[in-house]
Amino acid sequence: IEDNMTPFDRLGEKTLHNLIDTFYSLVAQHPDLAPIFPKDLTETARKQKQFLTQYLGGPPLYTEEHGHPMLRARHMPHPVTPTRARAWLSCMNEAMDKSGLTGPLRDEFYSRLYLTAQHMINTPDSGE
Ligand code: HEM
């Protein structure tokens, strides 16, 4: 049965939610990221829980409430520079450490996020 578990099943909802809450507490303190995020990250974290649940093969919670993710388009109003992509990934890496994620599950999740983060870049570092 372990063979057909999704990454979402393997991680578990509780760990995923804890990871995301930890991640946004780091984003809120990061000098390159905090300025482009809302002060109150409650709603952002709620949407990210929905999104990452479906990204990891769990139920399509994000799409049910918000429609097709169109993630790159939804980031266009926000200047996502290479520096901010690195900062986002470093907050995620630290949140993964703090949430006790290890092994191949962590490595595969992080690798996918790395690629998605590169895809979100929409502004050069010099362009701001
Ligand atoms: C929304 C920044 C990468 C998923 C946002 C928002 C910002 C942002 C400023 C708007 C927050 C709000 O108004 O609530 C960034 C930056 C990234 C990045 C700087 C660096 C590369 C990613 C990645 C993912 C992601 C890799 C998914 C794997 C989302 C989702 C939302 C969001 C699901 C909510 C969209 C909605 O409004 O429905 N991001 N993001 N972001 N981001 Fe990112």
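The structure this text deals with has already been given above.
In this report, the structure presented in the accompanying data block is examined. What you see is a predicted model; the values in this text were computed from it and never measured. (Residues numbered from 1 in each chain as written. Predicted model: local features only at pLDDT ≥ 70, side-chain atom pairs only at ≥ 80, totals over all residues. Heavy atoms only, no water.)

On to the overall build of the protein. Secondary structure assignment for the protein yields 7 helices and 0 strands. Counting only C-alpha atoms, the protein reaches 50 × 30 × 25 Å along its principal axes. Summarising the internal contacts of the protein: among those between residues at least 6 apart in sequence, 69% fall at separations of at least 24. Only carbon and sulfur atoms are counted for the fraction: they give 55% of the accessible area of the protein, which is about 7500 Å². Taking the average location of the 13 positive side-chain charges in the protein and that of its 16 negative ones, the two points are 5 Å from each other. (Helix = DSSP H or I, 4+ residues; strand = E, 2+ residues; numbered from the N terminus. Contact = heavy atoms within 4.5 Å. Areas by Shrake-Rupley, 256 points an atom, 1.4 Å probe, with all protein chains shown as cover. Lys, Arg positive; Asp, Glu negative; His and termini not counted. Charge placed at Lys NZ, Arg CZ, Asp CG, Glu CD.)

This part is about the site of the ligand. In the vicinity of the ligand there are 20 residues, among which T44, K47, Y62, H75 and W88 approach most closely. Contact between the ligand and K47: an oxygen atom at 3.0 Å from a side-chain N or O atom of the residue. H75 is positioned with one of its side-chain polar atoms (N or O) 2.9 Å from a nitrogen atom of the ligand. Contributions of two or more residues to the shell around the ligand are made by α3 (42-55), α5 (71-75), α6 (82-98) and α7 (103-120). (Near = heavy atom within 4 Å. Polar contact = N/O pair within 3.5 Å; in protein donor to acceptor, adjacent residues only side chain to side chain.)

Side chains that differ in charge, positive against negative, can pair when their charged atoms come close. One pass over the structure, following the stated rule, counts 5 salt bridges. Across the pair D21 and K49 runs a salt bridge, and its minimum N-O distance is 2.9 Å. Of the two residues, D21 sits in helix α2 (residues 13-27) while K49 sits in helix α3, which places them 28 residues apart along the sequence. Overall, D21 belongs to the partly exposed group, its relative accessible area being 40%. Ionic pairing is found between E65 and R46, a salt bridge with its closest N-O pair at 2.7 Å. (Salt bridge = Lys/Arg side-chain N within 4 Å of Asp/Glu carboxyl O. Buried < 20%, exposed > 50% of the residue type's maximum accessible area, 1.4 Å probe, protein only.)

Judged by nonpolar contacts, the single largest core of 28 residues is most densely connected at L16, L19, F23, L52, F109 and L113. Those elements that provide at least two residues to this core are α1 (7-11), α2, α3, α6 and α7. If near-sequence neighbours (up to four positions away) are discounted, L113 is found in contact with L52, Y55, W88, L89, M92 and M96. (Core = buried A, V, L, I, M, F, W, Y, C linked by side-chain atoms within 4.5 Å.)

So yeah, pure geometry; function would need other evidence.
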